Each structure stands twice: as C-alpha cells, then as structure tokens.
Amino acid sequence: MAGADLLPTSTCRLSSETLGRICIYLLNYGKTGIATLPAFARSCQVFRNPALDVLWHSLPTLAPLIMVMPSDLWIMDTTSKFGRKRHITFSRPLVPNDFIRFLVYAPRIQSLNHGRQLLHLNTYAISPSILQRLNSYRPLPTLLPNLQSLRWSWSVTETDLPCLKVLSGPKLRDFDLSVYGSVQPDAFDNVLKPLTISSPRLAYFSIYTLEHLRAPLMDILRCFHHLTSFKCNTSLTTQALSHLSSLSSLQSLDAKLGTFSESDEEVQSFLNHLDSERFPALRILHLIVDALPTMGTILQVFRPPLLASVSVSCEGVTPAASLEEYFTSVARFCSHKLLRVVQVTISDPPRNDPQYGPRDETFVPLLLFCKLRVLKVGITCPFYITDDLMEDMATSWPHLTRLELGTTCPARDEPPLLTLRGLIPLVQRCPKLSEISLTVDTSLAGSNYYEDQRPGDGATNSLVQSIHLGASKVIDPMSVATFLSDLFPDLLWVNTSWPVPDDEDEQEGEEQYGPYQRWAEVEQFVVDFATVRRQERNWAESSTSQSQAT
C-alpha cells in the first residue's frame, strides 16, 4: 500500500483520535501489536503520525532518541563492566545536521521514565556525558517540548545533575527525581531553581534525596503554587509545611516530619500566623513521624476538611494508650462521612508487655467512620482484641474492603483472644471485603457448634481468595480448612508468618517447621474444596442447559 489514495474512503475519514485509539490497542496487544505499529506507520501517511505518536509517547530511556541520530555520531560499548546493558556514548562533536531526525521524534515524547526499577527492561543505557553534551549544544531551549512526565532515578554526579534541566519545559506536570550520588547543596539547588521557571505549573513533585540536601529543597518548594501531590523522604520544615497547607490544589502529601509540638517556639510562631483554612483540598495524607502524638497534633492544628485517607509511620515506642489517643484525634478532627482509609505502621522492636498491645477499646473511636474501607495496623506486639470487636467493626463498616490487624507480631505461647468465630460477622455484614489479615485462635474450629451447622449460617464471601493469619497456630488442619472454605468458597491461598523450611530443613523438627507444614495442609484442603465446588457448579449449569434444551 503506497499511499492514502489506495485506502478505502471510509478509512481515510477516520479521525486522528480514532486512529490513535487503534494504535493504543495494538500497543497493548503484546509483542505482536508492538511489532505491527512500525509497519502501520510505514504503510501510509494516514497512519504515520498516529502510530509514531503512540510508539514514542513513553520511553524508559533516552537511548532510542539518541539512536535515530546519525550512526557515525554514537557508539555502543558492550564491555563487561556494564553487565548485559549496551552503553551508548557520543564519538564526535555535535553539528546542526545531527538533529534532523531527532527533532521529528522528540516532540512526540510525553513521558520519560529513566530509573533503576526499569533495569530489567532496558537493554540500552546512555552515558552521562550525553546529557552534558546535549545541555551544551541543543537545537531548542527545551529538548523535549511536549514532555509531561519525567521520572529520573539514577546515580548522578554534580556534573550530571544540572543537565537534567534540559529535559524540563512548560508542559511538565509530573517530576520524580531520586538522587543517589554524591551531590552538594549548591549543585542540587542549580537543577531545582530552573525548574521553578521552566515548569511553573508542576502538579506532581516527588523527590528522594539525602538529608543534607534538605535546605535547598525546602526553599525551592515554596516557589511551586500549583502542586496537587508532593512526596519526599526528608523532613519538612515548618515554613515548607505552612506553604503546602496553603495550596488550594494540593490533594496528596507524603512526607517526613520532625517533632511538631505546640510548645516549640517556631511551631508556636507558625500557629499564630495560621489562616483559618489549611489543606482545603487534601484527601490523602501520609507522614513519617518520630512519635505518634505528632500526627495527632497535625490533625488537630490543620483539620483537613476533605481528608479521605490518613496514614502514619513512626519508629518511637508506642503504648496502646497512645494509639487510642491517636485514634481519638482522628475521630475528632476528620470527617466521619469522608474518611475511607486509616493506616498505622510502628517500627518498634517486638514487645510482650500487655501495655503495648491494642485492645478492643483502642479501636472504639474509629467505629464512628461509617464509610471506612481500609484499616491497617502494623505493630510488632500482641493484639488483645476479641470477637466482640469484629462484631462491632462489621456493623459499623459495611463498606470495608481490607482489614489487617496484628499479623506482624511474632508467635507467642498464649492463644489470641480473637477466634475464627470473629470472621463470621465480617462475612455476614461486609460484602465488599476482599483482604483479611488477622491472628486468631483456631481451636474452636473442631467444636460441635461447627460440626452440626454451617459456621456462617450459609453466609459466604467469594471475593476473598487469599487470607493471612499471621502466627496463628493450628492443631486440626481439616477442621480449620472446612471452616475457612465454608465462609470463603473461592479461597485459594492461606498465608502465615511461620518460617518456611528449605528442602534440607524439613526434617529438623516439629517445633520450628511443624506450624508451617500444618498450615500447608490447610491450604491444600481449601484448594481441593474450591475445586470440588467449581466442578459441582459446572455440572449443575450443564445439567440445567441440557434440561432446558430438551
């Protein structure tokens, strides 16, 4: 097919948007579709631009763009020091004609994701000197004029880092930078400052860097006024927090925060100048703090009116009373109708002291959130919750989809207060529940109560295909499997935190690997039960179809 005049008239009338959708479908069709797109682009003028736009829309590295430049300009190094990757470098100085084909494809690139996480996908890598050369000799002020998303995760030097500004432009909305190399604050400042001018309407800003680069980052952060999402691993200053809280567009904040106490003079000065409405659009909040009360203070001070997800991670010692106080703050300062997700992760050494273990009353404040969908509490100490709490949770949270409590706690001699019976109200009253992680006492599974009747009186949940039961112990695998399979008929995986034996360790003794082996039996029984149910359903459906046909 040589040109558009040989195509059917109906094909030529297709809009660019429709042709683009066809090309996107081909791209997502696997290797066959990807191989088809270049042929699609070469077939005729009608298909050329839509196909090329899709092919070049997102790149994992700049290597393909460098490789369209004259072949005598670049060389490929395949020496062993680069592993399996082919390393591309320039072999001569740049001249204007080198950019003829470059400028055909560069405007089509809208997303560039150059990072460590894609090493297994990239077979080509560009030398850092290429960016330096392009920064010095570039045909346009902005190398990729239509770039909207830039994610750069690599080991950079002070010479390489400023060259990244050649990639930013007025259309950039998503910037994700991870700095792993040795970089001084001045060099770091030199790459971020131009970003505030070249990409003033940046919406998503994520940065991972070392703590010594905190000062320039916090200063530059205050130059962005259109952020919808901000994420960083360094501690926010009070001034930076104040700026973020004033943004009318900010919807997501994921950051680290040092001590934030109303008794601190800097914090007190900040509070005295605080406007009445802060974080007006914030919906997702995740903070890493030194102590849980800090998070409670943040909620008390800012009271985000639209908050839908609140998550906190801390490393400090956290008694159950502190956790209850935090949940009380959540209940006081968050909307009972809007909050959907509550997550707490405490990286504290395992403790068997009962004062650190959450109890039923710890979670009572959260029962006010009628639309809660996710509750995740990761603490390495025993939970002293009961079946009654599960009943209250199931009644209060009919929209619950995920419940994770106490599965990171090591095994202990005393059985948990929570039993398998606590799963029943969750099945009966939470029809959307799909993920469950609890540590339970399984000894009730073999009682006459469960042998004489179905545990849930016929109530089932087909969404749960995997369940995590932490360091729960099991004595009678068949009874436990029967109980679980009756409540969750499509259950396929039963996960626990018991150690998995290697082939050579399987004979080392019952005490260490016996619990895992018994849970493996439970899982096998559950899978067999699910298989039988599917066979029964298929047989019933085929029998019904045959009877209707006759």
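Note that residues are indexed from 1 along each chain, following the sequence as it is written. For a predicted model such as this one, the threshold for reporting local features is a pLDDT of at least 70, and the threshold for listing and counting side-chain atom pairs is 80 or more; totals across whole chains, interfaces and linings nevertheless cover every residue. As a rule here, side-chain values cover all heavy atoms of the structure and leave hydrogens and water aside.

**Notes on unusual backbone geometry**
Glycine aside, residues mostly have negative phi angles, and peptide bonds mostly take the trans form. One non-glycine residue, Phe279, adopts positive backbone phi at about 50°. With respect to the helices, strands and loops of the structure, Phe279 is situated in the loop between helix 11 (265-272) and strand 11 (284-289). For Arg303, which is not glycine, the phi torsion reads 45° and is therefore positive. Within the element layout of this structure, Arg303 appears in the loop between helix 12 (292-302) and strand 12 (309-314). Accessibility expressed as a relative area gives 46% for Arg303, which makes it partly exposed. Where helices and strands are cited, they refer to DSSP runs of H or I of at least four residues and of E of at least two residues respectively, numbered from the N terminus. Each residue's exposure class comes from its accessible area (1.4 Å probe, protein chains only) as a fraction of the maximum for that residue type: buried when under 20%, exposed when over 50%, partly exposed otherwise.

**Let's talk about the pattern of salt bridges**
Basic side-chain nitrogens of Lys or Arg form a salt bridge, by our definition, when they fall within 4 Å of a carboxyl oxygen of Asp or Glu. Counted according to the given criterion, the structure contains 10 salt bridges. Within the structure, one salt-bridge network assembled from shared partners comprises Asp72, Arg92 and Asp98.

**A look at the layout of surface pockets**
Definitions used throughout: a 1 Å grid over protein atoms alone; a cavity as a set of points that fits a 1.4 Å probe which cannot get out; a pocket as an open set with protein on both sides within 12 Å along at least five of seven lines; a lining residue as one with an atom within 4 Å of a point. Grid points are joined across faces, edges and corners, and a volume is the space filled by probe spheres set on the points. Considering only enclosed or pocket space, the largest pocket measures out at about 610 Å³ in volume. Residue lining of the largest pocket: 16 residues in total, with Leu27, Ile34, Leu55, Ser58 and Leu59 positioned closest to the centre. Residue assignment for the lining of the largest pocket shows that the elements contributing at least two residues are helix 3 (31-43), helix 4 (45-56) and strand 1 (58-59). Taken as a whole, the second largest pocket spans an internal volume of roughly 370 Å³.

**Details of the sheet that holds strand 2 (residues 74-77)**
The strand order across the open sheet formed by 3 strands is 2-3-5, and the pairing between neighbours is mixed. Every other strand in the sheet has two partners, leaving strand 2 and strand 5 (124-126) as the edge strands with one partner each. Each strand axis lies, on average, 30° off the axis of its neighbour in the sheet, ignoring direction. Any two residues whose heavy atoms approach within 4.5 Å at even a single point are treated as in contact. With axes taken as lines fitted to C-alpha atoms, and helix axes fitted only over the stretch in contact, angles between N-to-C directions fall between 0 and 180 degrees. Across the face of the sheet, helix 7 (residues 128-136) comes into contact with strand 3 (86-90) and strand 5 while running at roughly 30° to strand 3. We call two strands paired when DSSP finds no fewer than two bridges between them.

**Concerning the packing of aromatic side chains**
Note on aromatic pairs: the rings of Phe, Tyr and Trp (six-membered ring only in Trp) are paired at centre separations within 6.5 Å, and the planes decide the class, stacked below 30 degrees, edge-to-face beyond 60, tilted for the rest. Using the criterion set out here, one finds 11 aromatic pairs in the structure. Centre to centre, the rings of Trp56 and Tyr105 are 4.7 Å apart; their planes meet at 25°, and the pair counts as stacked. Highlighted residues: Trp56 in helix 4 and Tyr105 in helix 6 (residues 102-105), separated in sequence by 49 residues. Centre to centre, the rings of Phe99 and Phe102 are 5.4 Å apart; their planes meet at 80°, and the pair counts as edge-to-face. With respect to class, Phe99 is no different from Phe102; both count as buried. Three or more aromatic residues link up through ring pairs in this structure, and these residues are Phe175, Phe205, Phe224 and Phe230. The ring of Tyr384 carries Arg359 above its face, with NZ or CZ at 4.5 Å from the centroid. Think of it as a cone above the ring: NZ of Lys or CZ of Arg counts as a charge over the ring if it is within 6 Å of the ring centre and within 35 degrees of the ring normal.

**Here we look at the pairing of strand 10 (residues 252-257)**
Relative to strand 10, strand 9 (residues 229-236) is paired through 5 bridges, and the arrangement is parallel. Following the sheet pairing, Leu236 is matched in strand 10 by Leu257. Each parallel crossover has a hand, and the one from strand 9 via helix 10 (residues 238-246) to strand 10 is right-handed. Pairing of strand 10 with strand 11 involves 5 bridges; the strand directions are parallel. Bridged to Ala255 within strand 11 is Leu287. Seen with the strands pointing away from the viewer, any crossover whose path from the first strand over the helix to the second strand runs clockwise is right-handed.

**A few points about helix 15 (residues 387-396)**
Every buried residue of helix 15 is accounted for by Asp387, Leu389, Met390, Met393, Ala394 and Ser396. Against helix 14 (360-363), strand 14 (374-379), strand 15 (402-405), helix 16 (423-429) and strand 16 (435-438) lie the buried residues of helix 15.

**Looking at helix 10**
Across the 9 residues that make up helix 10, a large majority, 7, are buried. Within helix 10 the residues assigned to the buried category are Thr238, Ala240, Leu241, Ser242, His243, Leu244 and Ser245.

**Re the pairing of strand 12**
The buried fraction of strand 12 amounts to 6 of the 6 residues, a majority that puts the element mostly inside the structure. Side-chain alternation along strand 12 places Ser309, Ser311 and Ser313 on one buried face and Val310, Val312 and Cys314 on a second face that is also buried. Relative to strand 12, strand 11 runs parallel, the two being bridged by 6 bridges. By the bridge assignment, His286 is partnered in strand 12 with Ser311. In this fold, strand 11 hands off to helix 12, which returns the chain to strand 12; that crossover is right-handed. The sheet contact formed by strand 12 and strand 13 (residues 341-346) spans 6 bridges and is parallel.

**Considerations on the confidence of the model for the protein chain**
The pLDDT value expresses, per residue, how confident the predictor is, ranging between 0 and 100. Overall, the predicted model of the protein chain reaches an average pLDDT of 83, with 83% of residues at or above 70. Within the protein chain, no element has a lower average pLDDT than helix 1 (residues 9-12), which sits at 53, and none a higher one than helix 15, at 97. Low confidence marks residues 1-6, where pLDDT is under 50. Its contacts with residues over four positions away, or in another chain, come to 8 contacts. Here residues 116-121 is modelled with pLDDT under 50, and outside its nearest four sequence neighbours on either side it reaches 9 contacts, counting other chains as well.

**Section: the side chain of Ser149**
Looking at where Ser149 falls in the secondary structure, it is placed in strand 6 (residues 149-154). Whenever two N or O atoms come within 3.5 Å, that pair is a polar contact, provided that in protein one can donate a hydrogen and the other can accept it, and provided that, for residues adjacent in sequence, both atoms are side-chain atoms. Within the structure, the side chain of Ser149 is placed 3.4 Å from the side chain of Asp174, a separation counted as a polar contact. Residues contacting Ser149, with those up to four places away along its chain left out, are Gln110, Ser111, Leu112, Leu172 and Asp174.

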